[in-house]
Amino acid sequence: MKGVKAGTGTVGAEGNFRFALTALTVLFFMWGFLTCLNDILIPHLKKVFDLNYTQAMLIQFCFFGAYFLVSLPAGALVKRIGFQKGIVGGLLVAALGCALFYPAAESHSYPVFLGALFVLASGITLLQVSANPYVTALGKPETASSRLTMTQAFNSLGTTIAPLFGGVLILSAATVGADALSPEAEAASVKVPYLMLAGVLAFLALVFSQLKLPKIDDHGDDTVAAEGESVWSHRHLVLGALGIFVYVGAEVSIGSFLVNFLGLDTVAGLEEAKAAHYIAYYWGGAMVGRFIGAVVMSRVTPGLVLAFNAAAAILLVLLAIMGAGSLAMWAILLVGLCNSIMFPTIFSLALQGLGKQAGQASGVLCLAIVGGALVPLLQGVVADTAGLQISFLVPVVCYMYIVFYGLKGSRPAAH
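A few points on the structure.

Reading the values: the criteria
- Residue indices begin from 1 for each chain and proceed along its sequence in written order.
- Per-residue local features of the predicted model are confined to residues with pLDDT of at least 70, and side-chain atom pairs are confined, for both listing and counting, to 80 or more; whole-chain, interface and lining totals are unaffected and use all residues.
- Just so you know, side-chain values use all the structure's heavy atoms and leave hydrogens and water out.
- A side-chain nitrogen of Lys or Arg and a carboxyl oxygen of Asp or Glu constitute a salt bridge if their distance falls within 4 Å.
- Under the scheme used here, helices are H or I runs from DSSP no shorter than 4 residues and strands are E runs no shorter than 2 residues, and both carry numbers assigned from the N terminus.
- Whether a residue is buried, partly exposed or exposed follows from its accessible area with a 1.4 Å probe, protein chains only, as a fraction of its type maximum: under 20%, in between, or over 50%, in that order.
- Note on patches: the residues involved have over 30% relative accessible area and no salt bridge, like charges join within 9 Å, and the nonpolar side chains Val, Leu, Ile, Met, Phe, Trp and Tyr join within 5 Å.
- The Shrake-Rupley method, run with a 1.4 Å probe sphere, supplies the accessible areas, and residue values consider only the shown protein chains as cover.
- To estimate how far a helix should reach, multiply one less than its number of residues by 1.5 Å.
- Two axes enter the bend calculation: one fitted to the seven residues ending at the residue in question, the other to the seven starting there, and the bend is the angle between them.
- Only protein atoms enter the 1 Å grid, on which a cavity is a set of points fitting a 1.4 Å probe that cannot get out and a pocket is an open set with protein on both sides within 12 Å along at least 5 of 7 lines, lining residues being those with an atom within 4 Å of a point.
- Grid points are joined across faces, edges and corners, and a volume is the space filled by probe spheres set on the points.
- The set of buried Ala, Val, Leu, Ile, Met, Phe, Trp, Tyr and Cys residues whose side-chain atoms join them within 4.5 Å is what this entry labels a nonpolar core.
- Should any heavy atoms of two residues lie within 4.5 Å, those residues are counted as being in contact.
- Structural elements are reduced to axes, namely lines fitted to C-alpha atoms, with helices fitted over the stretch in contact, and the angle between N-to-C directions of any two is expressed from 0 to 180 degrees.
- What sets the label is the angle itself: under 35 degrees gives roughly parallel, over 145 gives roughly antiparallel, 65 to 115 gives roughly perpendicular, and the rest give oblique.
- If you view the pair so one helix is near and one far, a crossing is left-handed when the near helix is turned anticlockwise from the far one by less than a right angle, and right-handed when it is turned clockwise.
- Counting of polar contacts relies on pairs of N or O atoms within 3.5 Å, with two restrictions inside protein: one atom must be capable of donating a hydrogen and the other of accepting it, and residues adjacent in sequence are counted only when both atoms are side-chain atoms.

What the rule picks out here adds up to one salt bridge. The salt bridge partner of Glu106 is Lys191, with a shortest N-O separation of 2.1 Å. One end of the pair, Glu106, is in helix α6 (residues 101-107); the other, Lys191, is in helix α10 (residues 191-210), with 85 residues separating them in the sequence. What makes Lys191 buried here is its relative accessible area of 15%.

In structure tokens:
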């Protein structure tokens, strides 16, 4: 178990916890904001560098690929230096990633942009590895899920605001007098927004280095529950990891293509800057749905809620593929509402009954976030070969698997 380090005492501990949680909500907001800003970068850099859809999806490939490559080293680092120093380190690495957008724009180099994104995502990964277990440890175990839900709501707030920020400072700046702007000048429109973000992250690193946060000792035991039993022997965990893979892949893939989808003449014909504002509805739906889902799942079996939401998402995406105009536009935006409860529900169902193996199993599930790197790339290939609208069949297949997991795959097998 995790607990307050000896010497901190219990008097006033609850107040310290509340203060620490308040500070940590800022981090959840920031990494939601930075992650969702990719949905603005994709159409912008696609236009600047004259990329096809597959090439543009390398943005998400590099970003979410960092989760797969950095998660385990980050976990080892945090175990050595502690949660607070891990948070400070994550903020500084993320700030460096944002600052690298300046030389990327100066050199007008797509590979340098991708490198900057990888550094930024590495910092966010270190933040997540540090902050998620810290939030869980700050208080009573029985209220851990409610604390995570609260902080995740601020993550969703960040994903909702980011498209508005990016639409105004990046896409609008690039479209003002667009006929007269060179590709180099359009690429430069990312300099100021990302330098601003670098400054905010560096400031937060300074603040968190000075805060007196409660110290948490990790007395957890990652040893297997039964002698010789591997964490991979749990069928519902392995299927759950695949569920996380396809869920993150579907959610990120849809968000990545939204601006281009809403720009289609058969859908809404919106300019990029205007389309960016509508992305806020997609991510905002996920935020609202979390609160609704928390109430519903206290009365209905989580697996059934998961399957229902995934089935609704399938219906909505099919309407977006076969429909046109406002029907197609609002159908795809409403998928965000269906996505809301999927990640935490799949995560919790996959960890059922794992006991001491839960820590190791959580690492397996976090690695599965790499779906955000691979599924958008696959949809990009389909979009280039079969067309943008038909490419949304890729998320449909992902949601079909989630229906299966909610109804059957999430049931722990008897050992």
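We are not done yet, so read on.
Nonpolar side chains collect at one region of the surface, where Val288, Ile292, Val296, Val300, Leu304, Leu334, Leu337 and Leu407 lie side by side and expose about 620 Å² of accessible area between them. Within the residue set of the nonpolar patch, elements represented by two or more residues are α12 (272-296) and α14 (325-339). You can see Ile292 is positioned in helix α12.

The end-to-end C-alpha separation of α12 is 36 Å, in line with the 36 Å expected for 25 residues at 1.5 Å each. Of all the bends found along α12, the most pronounced is centred on Gly289 and spans about 25°.

Here we take up the layout of surface pockets. Approximately 230 Å³ is the volume attributed to the second largest pocket. In terms of lining, the second largest pocket is formed by 14 residues, of which the most central are Ile292, Val296, Val305, Phe308 and Asn309. Elements represented by at least two residues in the lining of the second largest pocket include exactly α12, α13 (302-322) and α14. The element best represented in the lining of the second largest pocket is α13, accounting for five residues.

Another point: the nonpolar core. Ranked by internal contacts, the top residues of the largest apolar core, which has 138 residues, are Tyr194, Phe208, Ile332 and Tyr399. The greatest single-element share of this core, amounting to 15 residues, is contributed by helix α11 (residues 235-262). If sequence neighbours within four positions are ignored, Tyr399 has contacts with Ala250, Glu251, Ile254, Ala310, Ala313, Ile314, Val317, Val335, Asn339 and Met342.

It is the contact of α13 with helix α18 (residues 393-409), at a shortest axis distance of 8 Å, that shows an interaxial angle of 160°. With respect to α18, the element α13 is oriented roughly antiparallel. Two packed elements cross with a definite hand, and for α13 against α18 that hand is left-handed. Here Gly303, Leu304, Leu306, Ala307, Ala310, Ala311, Ala313, Ile314, Val317, Leu318 and Ile321 of α13 come into contact with α18, specifically with Leu393, Val396, Tyr399, Met400, Ile402, Val403, Tyr405, Gly406 and Leu407.

Here we take up the side chain of Ser189. Tracing the sequence through the fold places Ser189 in the loop between α9 (183-187) and α10. Among the polar contacts made by the side chain of Ser189, one reaches the side chain of His44 at a distance of 3.1 Å.

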